[in-house]
Structure formats: C-alpha cells, structure tokens
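Residues per chain are reported as follows:
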Amino acid sequence: MINTLDFLSRSPEQTRHIGMRLGGALQAGDLICLQGDLGAGKTTFVQGIAQGWGSLDSVSSPTFILVNIYRRADRSQLFHMDAYRLDSTPEAEQLDLDSMLADGALVIEWPERMDGLIPAERLWVNLEHIADEEREMKFKASGKRYNELLDVIRHAIVGGD
Ligand code: ADP
Ligand code: MG
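Residues numbered from 1 in each chain as written. Chains lettered and ligands numbered in written order. Predicted model: local features only at pLDDT ≥ 70, side-chain atom pairs only at ≥ 80, totals over all residues. Heavy atoms only, no water.

A. Up close: the pairing of strand β6 (residues 122-131). As defined by bridge partners, strand β2 (residues 31-35) adjoins β6 across 4 bridges and the pair is classed as parallel. In the sheet register, L34 faces β6, and the bridge partner there is V125. Relative to strand β7 (residues 134-142), β6 is paired through 9 bridges, and the arrangement is antiparallel. When the sheet's bridge partners are listed, W124 is paired in β7 with K140. (Pairing = 2+ DSSP bridges. Helix = DSSP H or I, 4+ residues; strand = E, 2+ residues; numbered from the N terminus.)

B. Expanded view of the site of ligand 1. Around ligand 1, 16 residues are found, and the nearest of them are T15, G39, K42, T43 and T44. Residue S9 places a side-chain N or O atom 3.0 Å away from a nitrogen atom belonging to ligand 1. Backbone polar atom of G39 to an oxygen atom of ligand 1: 2.8 Å apart, as the coordinates give it. Burial of ligand 1 by the protein amounts to 76% of the accessible area it has alone, namely 570 Å². Elements with a minimum of two residues in the shell around ligand 1: α1 (12-25) and α2 (42-53). Sort the elements by how many residues they give to the shell around ligand 1 and α2 lands first, with 3 residues. Counted by class, the shell around ligand 1 contains 3 nonpolar, 7 polar and 6 charged residues. (Near = heavy atom within 4 Å. Polar contact = N/O pair within 3.5 Å; in protein donor to acceptor, adjacent residues only side chain to side chain. Areas by Shrake-Rupley, 256 points an atom, 1.4 Å probe, with all protein chains shown as cover. Nonpolar A, V, L, I, M, F, W, Y, C, P; charged D, E, K, R; others polar.)

C. How the structure looks around helix α5 (residues 144-159). Taking 1.5 Å as the rise per residue, α5 with 16 residues should run 22 Å; its terminal C-alpha atoms sit 22 Å apart, in good agreement. Where α5 is concerned, the buried positions are R145, Y146, N147, L149, L150, I153 and A156. In this structure, the buried side of α5 is in contact with β1 (2-9), α1, β2, β6 and β7. (Expected span 1.5 Å × (residues − 1). Buried < 20%, exposed > 50% of the residue type's maximum accessible area, 1.4 Å probe, protein only. Contact = heavy atoms within 4.5 Å.)

D. Examining the packing of aromatic side chains more closely. Counted by the stated rule, this structure contains 2 aromatic pairs. Seen from their ring centres, F45 and F139 are 6.3 Å apart, and the 55° between their planes marks the pair as tilted. Remark: F139 occurs in strand β7 and F45 occurs in helix α2; sequence separation between them is 94 residues. The exposure class of F139 is buried, given its relative accessible area of 1%. Between Y84 and W110 the ring centres are 4.8 Å apart and the planes differ by 50°, which places this aromatic pair in the tilted class. Taken as a pair, Y84 in the loop between β4 (77-82) and α3 (89-94) and W110 in the loop between β5 (104-109) and β6 lie far apart in primary sequence, 26 residues in all. (Phe/Tyr/Trp six-rings, centres within 6.5 Å; stacked < 30°, edge-to-face > 60°.)

Encoded structure:
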C-alpha cells in the first residue's frame, strides 16, 4: 500500500509547521526518511518534528556525529541521523537502525546513502528547492502505519493551522 502527497511549502515556517504536526504523532518504531539536496529544508523540517514531538533539546545538524538523540520529559527518545558523511556500507551497517527503532522514532537525512539498509515500511519525504522560499515536499507512505501519518500531514495542510 503506497500513497503519495505533494505540497508546495512557501516558507520555512510552513515547513516547520507541517513537521510539528507530524512530530506530534510520532511513536517509537516510526521511520521518516528525508531526501533532498543541501538547503532543501530537511533540517528545518526536523526542527518542526522535534518541537511537535516535545523535545527538550534543540535540533542541530548531526553532520559530524551522525546521530543526535533528543529527549522528552517522559524519557522517550527521538533519533536524528544525517547519513551525508557515510562513505562505506560497513560504516552504515554499524548504525543499528533496528535498535534505534526499538527505542524511539527515527528521522534520517540523506537516507539514499544507506541504500539497502532502510526498512521497506517508512514515510519517505522528498524535498526540492523551487525558488527562494519555495520548497516542493513529496510524501510517499509505504505501509499502514505510514498511511496514518500521511493523513496527519494531509490534515495539517488542509486545516492550514
Ligand atoms: P538541509 O538540511 O536540507 O540542508 P536546511 O533546513 O538546513 O536544509 O536549510 C534550508 C534553508 O532554506 C534554511 O535556511 C531555510 O530557512 C531556507 N528555506 C527557505 N524557504 C524554505 C521552505 N519553504 N522550507 C524550508 N526551508 C526553507
Ligand atoms: Mg540538514
């Protein structure tokens, strides 16, 4: 079951807002993949996700340490991975996605660098620079859980609040 949704974000705030609504719905085991070039808005979207999820920590780009872990008052965890600097499959394999997913939700920037290691069921988001403040966001849900999350995003967009 694969469903898609396309949206044109017209500001960083709008991108963050959709992220917040998604973040508010995230549970342990959820996997969100964010594909897009540098400056496409991946980290901006993660800022919204972390805020909506209720993170006590602020979001930064985990470029050097690969994975940031955000905490919440109830001690649950949100993992934020940036695979940009991965340059070998063995290195990627050491990042045990399954154990992270057992402990929390996981958001991955540059997931295409981990080809073959990403579970088939996930929400895949493609971000593309269109103009100065415009970013196209293409959402693709694979599996029942991710179709539920796609509905959350659909409501955030249609509701407009
Ligand atoms: P990435 O993580 O994909 O490299 P960032 O989120 O770090 O991208 O940077 C995106 C940049 O583009 C930020 O400076 C952000 O303010 C800007 N921007 C402008 N318009 C948008 C938009 N509609 N959505 C997201 N970011 C936007
Ligand atoms: Mg980034």
